[in-house]
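# Structural overview
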Amino acid sequence: MLTTPDFTEITANADVRKTRHGNRAKCLQRLIRLDLPVPQTAALSFDTVRAIADGRMPDLEALVGLFGENTLLSVRSSSETPDWGGPGTILNIGMSDNVAEHLSETHGPDVANAAYTAFIRTYAVEVHRLDADAFEGPITPRLAKDAYESEMDEPFPQDSATQLAEVLRAMARAWEGTTARLLRQAQGAPADAGLGLVVQKMALGPARGVSGAGVVQFVSSETGEAQVTGRYLPRGQGRQALTEGAAQYIETDDRGPALEDAAPEVVQALRDAAALMRTRLREEMQTEFTLMDGELFILDAVRAPRSARAEVAIAVALAEDKVIPREEALTRIPPFTLNGLLHRQISADAERDVLTSGVPAAPGAASGRIAFTAATAQAMAAQGEPCILVRRETSPEDIRGMHAAQAILTERGGATSHAAVIARGLGLPCVAGATRLQLDMRKKTLTVPGRKVFHEGDVITIDGTLGEVLAGRTEMVEPALGGAFATLMDWSDEARDIGIRANADTPEDAAMAQRFGVDGIGLCRTEHMFFDANRMTVMREMIFAENAPDRQAALDRLLPMQRADFIELFKLMKGQTVTIRLFDPPLHEFLPTDREGIRALADALDLPVSRVASRVESLQEYNPMLGLRGVRLGVTIPEIYEMQARAIFEATIKVTKKGAPIEPEIMIPLVSAKKEVELVKARVDAIAAEVAAKSGQDFTYRLGVMVETPRAALRAGEIAESSAFLSFGTNDLTQMTYGLSRDDAGRFMSAYVQQGVFAEDPFREMDIDGVGELLLLGAERGRAVRPDLTLALCGEHGGHPDAIAFCRKAGFNYVSVSPFRVPVAKLAAAQISIKDKALPEDADPSL
Ligand code: PEP
Ligand code: MG
């Protein structure tokens, strides 16, 4: 074993560390410890590579001397974590006239010439950054050397030490380049992340018998199930087998020749090596190997590449086979990976003709025809035609069109805009705030500068995971929710210690939430129950009522509909808690916005158009989101909340009688003052007493407050006096803490994030410093008054691992998230609660 200050020969006992030499070097040492046939290899540490980038070369004579005369070498990068990348591998260092002549004798002139020419080209292009064009085509070593000399004004170097020095220098400098730096930092690498390099003796010998190179793994990268995947290229080198048409299969195959036909014992040795690595390195590995006259060498092994689905399947299978503990399987999977499983996604191999991009507001992908109005979307859906609803922004009136569409695209808005919230709830892909889109709603056209004009009916694809809009239809992969995914969810439930509820407004949402196994519904936004066409009309009658009896008549018609909604929801949730938020949005959201709508409403209500128009106008507000909405409606038009409370209690009695007892929770939105809660509570209590007396049946319920104004957080102590629970609505709370409109911020948010004003869009990732402080204050003040106060977060942030960790630490009882975010939230919660337990030594998920 040779260890110098500059490099370390990798042996079983050498001091090789991931934090000093990188992941690949450490992995190669593990293969050596398993007695796998790894050719002689040396590791250069991060410090050595930094010195090389600064112009201080290691002792090259000693390094080349380690491997002996006339030996070809390869150099591979070895960053601390594979995701951080690194410059590509360079093979055949040491190739010269002499070595080529020797190779010509052993392998024949064709192999020798091709390898020599290829190396000169790689050396010129990758190491000296010469123009690749000069080395294109079937040129000979002679021509390649001439081309090199004419560009470099010096002959192609013939000695290994010079070649190796230049390769090391080029790789060390490539790591310092801006692009490489940005790419790895995007993968979580620290600014000072180091690069290690491994120099390896290349297995090169007589071409007798079975000689060549291949790459193999025994698991499918797509599904994670057992499957031999790989290729072998006779006389090949490196990873050529994966790209050359002449490559063979690994195992005997009807489709063509295979390595197993010629060397069954080699394939068995590869199988054994993979099985050994699986149990001892505790990972499914992809192996790069070479054969020299039938002798097997394992050059490298990396974590087998995998889709989201395969990632879950592999981790679960390793735990089921007791190779790793369950806790480790849970912590190996980044929670957002699950988004790649829950939704249909664009196939990794698909061509992507990207038109423009926006905020990735809801994950998944879908193709369909452009529909510019909700009505068109419904008409297309009625004909079985998949469509994409394209709007400047959406409003509650679009809800049925959204239901009918496969995906949503908006020009305006951000991560918590109406379109984004509804799309996530419905599990539809959504790109919001695609500001480069030019929509002409009158001509019904969509234009992106420099591209053809798209008309209604033209096909586009929405990739809500990446926030991209693509032209035409694109190949998709379907979600996979059974098997390993279901097991992972069960294990997450066992491991987590914070509740996960769903934000669910409709029976479909509730059914989806149940499918993912939630702890209840944490937010049922009741206004979404009124968007049905019949109900909308009655709702409008209620809004237009000019006296109490007329209003009550409309509410009496709405009552049975609401009651039926709650009965269905309670039944679906089978005794689990359902938190119902009383009516929240400004009333004018239920009114028509154009003349045509006003005329239709006047017809329906049998009123003059002018009267309807002036009533609509009188309800307009300059800033509706800060206007007459939430509890302010409850205070000024108490009949609405009274009708909702009655519907909830009557549904409770009905469902309880049928043998599924339930204790509903009623939540008051947009509270800012204690008195608001007291007023609503007094009325709701009175309705409860009335319903109980009338039915002769007792029931209990809990009344709580949605904390979504800064004042409610600050005054949580006195608010908690009349509240059983506080649920923080961080969408509005973020909006009001920043004074930043959740519907408009998308327009300039990217500039703010790019210039570092905000580290992230605060509507996507919770602002722990500001909004978080309000949560802590509110929680502390509320619990000081009422120690058994239930605390929750029900804004969109609840699905983010950082917010879940924050809530758990602050002693919250649960977070409530869109149904499709439940799996991510569960896994994140499980990871957070097992994070403190130390993983067994050598458990290295990044291998
Ligand atoms: C909130 O404000 O955080 C919330 C959950 O309510 P909504 O999004 O319906 O305003
Ligand atoms: Mg809100």
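Since the structure is predicted, the reported quantities are computational estimates derived from the model, not experimental observations.

## Quick word on the overall build of the protein
The helix and strand tally for the protein stands at 33 helices and 30 strands. Taken along the three principal axes of its C-alpha coordinates, the protein extends 105 × 60 × 55 Å. In the protein, which comprises 847 residues, the proportion classed as buried is 56%. For the protein, long-range pairs separated by at least 24 residues make up 67% of all intrachain contacts whose partners lie at least 6 apart in sequence.

## Focus: the site of ligand 1
Contacts to ligand 1 come from 13 residues, most closely from R525, E708, G729, N731 and R742. Within the contact set of ligand 1, an oxygen atom lies 3.2 Å away from a backbone nitrogen or oxygen of G729. Note that an oxygen atom of ligand 1 is positioned 2.8 Å from one of the side-chain N or O atoms of R742. Relative to its unbound accessible surface of 290 Å², ligand 1 loses 95% to contact with the protein.

## Thoughts on the environment of K452
Note on placement: K452 falls in the loop between β18 (445-447) and β19 (454-455). Non-local contacts of K452, meaning those with residues more than four positions away in its chain, are made with L446 and D458.

## Side note on the packing of aromatic side chains
Given two aromatic rings, one states the distance between the centres and the angle between the planes to describe the pair. Applying the stated criterion to the full structure yields 18 aromatic pairs. The interplanar angle of 20° and the centroid separation of 6.4 Å between the aromatic rings of F566 and F570 together place this pair among those described as stacked. Within this pair, F566 and its partner F570 are both found in helix α21 (residues 548-573), separated by 4 residues, close to a single helical turn. With a relative accessible area of 1%, F570 lands in the buried category. Arranged with centres 5.6 Å apart and planes meeting at 65°, the rings of F748 and Y752 form a pair that is edge-to-face. On the criterion of helical spacing, the pair formed by F748 and Y752 is a turn pair, its members being 4 residues apart in helix α30 (residues 746-754). Ring pairing ties together the aromatic residues Y116, F119, Y123, Y148 and F156, which thus form one cluster. Over the face of the ring belonging to F454 we find K452, whose NZ or CZ atom lies 4.6 Å from the ring centre. The positively charged end of R501 is found above the aromatic ring belonging to Y814, 3.7 Å away from the centroid.

## Some thoughts on unusual backbone geometry
Phi is positive for R129, close to 55°, though the residue is something other than glycine. Position of R129 relative to the elements: it lies in the loop between α6 (109-127) and α7 (141-152). Non-glycine residue K322 carries a positive phi angle of around 60°. With respect to the secondary-structure elements, K322 resides in the loop between α12 (308-320) and α13 (326-332).

## A word on the pairing of strand β2 (residues 41-44)
A two-sided burial pattern is seen for β2, the buried positions comprising T41 and A43 on one face and A42 and L44 on the other. The pairing of strand β1 (residues 7-9) with β2 spans 3 bridges and is classified as antiparallel. Bridge pairing links F7 to L44 in β2.

## So, helix α3 (residues 46-53)
The element α3 is largely enclosed, with a buried count of 6 among its 8 residues. The complete set of buried residues in α3 reads F46, T48, V49, A51, I52 and A53. Elements that come into contact with the buried residues of α3 comprise α1 (18-21), β2, β3 (73-79), α8 (160-176) and β5 (195-201). Count one or two residues on from α3 and you reach G55, which has phi positive near 95°.

## Some words on the coordination of the magnesium ion (ligand 2)
At 2.0 to 2.1 Å from the magnesium ion (ligand 2) lie its protein donor atoms, namely E708 (OE) and D732 (OD). Here D732 lies in helix α29 (residues 730-738) and E708 lies in the loop between β27 (702-707) and α27 (710-714), a separation of 24 residues in the sequence. Assigned by exposure class, E708 and D732 land together as buried.

## Describing the sheet that holds strand β21 (residues 468-471)
Spatial ordering of the open sheet is given by β11-β21-β20-β13-β14-β15-β16-β12, a layout of 8 strands whose pairing is mixed. Taken across any chain shown, the strands that pair with only one partner, and hence form the sheet edges, are β11 (354-357) and β12 (359-362). The sheet shows a mean angle of 30° between the axes of neighbouring strands, taken without regard to direction. Pairing of strand β14 (residues 387-391) with strand β15 (residues 407-410) involves 4 bridges; the strand directions are parallel. Bridging across to β15, R391 finds its partner in T410. Across the face of the sheet, helix α15 (residues 374-382) comes into contact with β13 (365-371) and β14 while running at roughly 110° to β13.

## Concerning the environment of G88
Summarising the element assignment, G88 is placed in the loop between β3 and β4 (90-93). Owing to a relative accessible area of 52%, G88 belongs among the exposed residues under this scheme. Separated by 241 residues in the primary sequence, G88 and A329 place their C-alpha atoms 30 Å from one another.

Here is what the cut-offs are and how they apply
Residues numbered from 1 in each chain as written. Chains lettered and ligands numbered in written order. Predicted model: local features only at pLDDT ≥ 70, side-chain atom pairs only at ≥ 80, totals over all residues. Heavy atoms only, no water. Helix = DSSP H or I, 4+ residues; strand = E, 2+ residues; numbered from the N terminus. Buried < 20%, exposed > 50% of the residue type's maximum accessible area, 1.4 Å probe, protein only. Contact = heavy atoms within 4.5 Å. Near = heavy atom within 4 Å. Polar contact = N/O pair within 3.5 Å; in protein donor to acceptor, adjacent residues only side chain to side chain. Areas by Shrake-Rupley, 256 points an atom, 1.4 Å probe, with all protein chains shown as cover. Phe/Tyr/Trp six-rings, centres within 6.5 Å; stacked < 30°, edge-to-face > 60°. Lys NZ or Arg CZ within 6 Å of the ring centre and 35° of its normal. Pairing = 2+ DSSP bridges. Donors = N, O, S within 2.8 Å, 3.2 Å for Na, K, Ca; no water. Axes fitted to C-alpha atoms, helices over the stretch in contact; angles between N-to-C directions.

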